[in-house]
Amino acid sequence: MLRTISQSFKVGVEKYLPNAFIFALLLTLIVLAMGMIMTGESFFGMVEHWYNGFWGFLAFTTQMILIIITGYALVKAPLVQRWVQKGATIPKTQKSAIIITMIVAALGGYLSWGLGFVLGTLFAMEVARNVQTADFRILIAAAYTATIAILPISITLTAPLLVNTPQHSLEEKIGLIPLTETILSPTMLFVALVGLAAVIFAYIKMMPKSDEVVPFYRNDEIAASLEASPVTVGETPTIADRLDNSKVLNYLIVAIGAIWLFMYFSKSGFNLNLNILNFGFIILGLALHGSPKSYISAITSAMPSAGGIALQFPFYAGIMGMMIGSGLIVMISNGIVAISNEFTFPFFSLLSASIVNIFVPSAGGQWQIQGPIMVEAAQTMGIPVSVAINTVSIGDLVTNLLQPFFVLPALGLSGLSLKDIWGYCLVSLIILFVIAVVGVTFIPMIF
């Protein structure tokens, strides 16, 4: 049944779904029209909001590009590459390939959503290379889905970490919310672990038949690869060659970076954010590659994979600018709150976050705008603030299977297009949304 549904979605998206960039452009026009119709904002006002927001993701865009290229360079390091390649030889069938790929992606996603997206995709590609009976497209989709599924309990989940950090924007109103009420709560554990098990089962059921399998292929101009780069042997090394391959210079920088990381974690604890993650990837990558030249080569080979992000993220920032500037986010959130009561609030909070995420695919940005509204509503109804935090977080995650914003790294690395994997993602979206609704509505009643 699930395979039939996924194939129906697949046929539909192949016929009607445009390129991911066209999706962003169409969404821009939709939000422009919504702002004018629903808020009464003028056309010129919406255009102004669009441009004002256009560069709002500039720092985040750079962070995401670095996540891709430094994560890829880290996996391309000889030691890690051997581990990945050895692990990728374990599965022998399409079924085992899917299960192992999803487990690896989920483990990466638990440590960091950025690591999950990159490691999961590269591992899926290596598995697909070894298991030619496995469909390449479903493995990439499975890796992405597993990362999304585990994120409710990821140690890098934005909102729970933010409200547990001293001096956060809502501290005077709600204080510090411990992780035992968010990431480690029964609700989040249920949604993540049951959700992961459910989507693994779903992907097994959605496996293409042997005559429908599209095996691994690689577009050399687009996709990244874990194949070893050819080694060239020159004549007598010049001073420039010695510097390029200098282990002393390389490890001096690694030592400085390691000292700073030690200082940071000693002071802040295991508090990961994108900047720390990228910095750690760079230092660890340099250490594992052993020389500046080897690391530069790995970074350069990963750069084509980041093209989609560099182009599309500014357009999503523009969409976010229109949503904020016109007041659409506040209108949607307040409308949801107005029809909620103590029992239905978790569901409607989840639903509103899911809707808003389609237009504002940034967990941090969405929480800063929508979080205060939901927190105030929860307090007014006498509901624990953690319910608002958890429901907004889960809602933000689930529709990432619909919104192509965060799948761009996977598409860039694999060389696939959105329509190759979207059918599988839509089935997963439905499954995870149902589990999320059950989790946020009923689990708090039990525990």
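Right above here is the structure, for reference.
A few points on the structure. (Residues numbered from 1 in each chain as written. Predicted model: local features only at pLDDT ≥ 70, side-chain atom pairs only at ≥ 80, totals over all residues. Heavy atoms only, no water.)

Another point: helix α7 (residues 113–130). For α7, spanning 18 residues, the distance from its first C-alpha to its last is 26 Å, which sits close to the expected 26 Å at 1.5 Å a residue. Most of α7 sits out of view: 16 of its 18 residues are buried. (Helix = DSSP H or I, 4+ residues; strand = E, 2+ residues; numbered from the N terminus. Expected span 1.5 Å × (residues − 1). Buried < 20%, exposed > 50% of the residue type's maximum accessible area, 1.4 Å probe, protein only.)

Let us look at the side chain of Thr391. Topologically, Thr391 is positioned in helix α20 (residues 385–398). At a separation of 2.8 Å, a polar atom in the side chain of Thr391 contacts the side chain of Ser349. A distance of 2.7 Å separates a polar atom in the side chain of Thr391 from the backbone oxygen of Val387. Among all residues touching Thr391, those that are not within four sequence positions of it are Pro346, Ser349, Leu350, Ala353 and Val440. (Polar contact = N/O pair within 3.5 Å; in protein donor to acceptor, adjacent residues only side chain to side chain. Contact = heavy atoms within 4.5 Å.)

This part takes up helix α18 (residues 345–359). If you check α18, its first and last C-alpha atoms are 22 Å apart, about what 15 residues at 1.5 Å a residue would give, namely 21 Å. All of the buried residues along α18 are Phe345, Pro346, Phe348, Ser349, Leu350, Ser352, Ala353, Ser354, Val356, Asn357, Ile358 and Phe359.

Side chains that differ in charge, positive against negative, can pair when their charged atoms come close. Here the structure, examined in full by the defined rule, presents three salt bridges. In this structure, Glu126 engages Arg129 in a salt bridge whose closest nitrogen and oxygen atoms are separated by 3.5 Å. A residue pair is termed a helical-turn pair when its members lie 3 or 4 positions apart in one helix, as Glu126 and Arg129 do in helix α7 at three residues. Looking at Glu126, the relative accessible area reads 6%, which means it is buried. (Salt bridge = Lys/Arg side-chain N within 4 Å of Asp/Glu carboxyl O.)

From the geometry alone we can't say anything about function, so treat these as descriptive.
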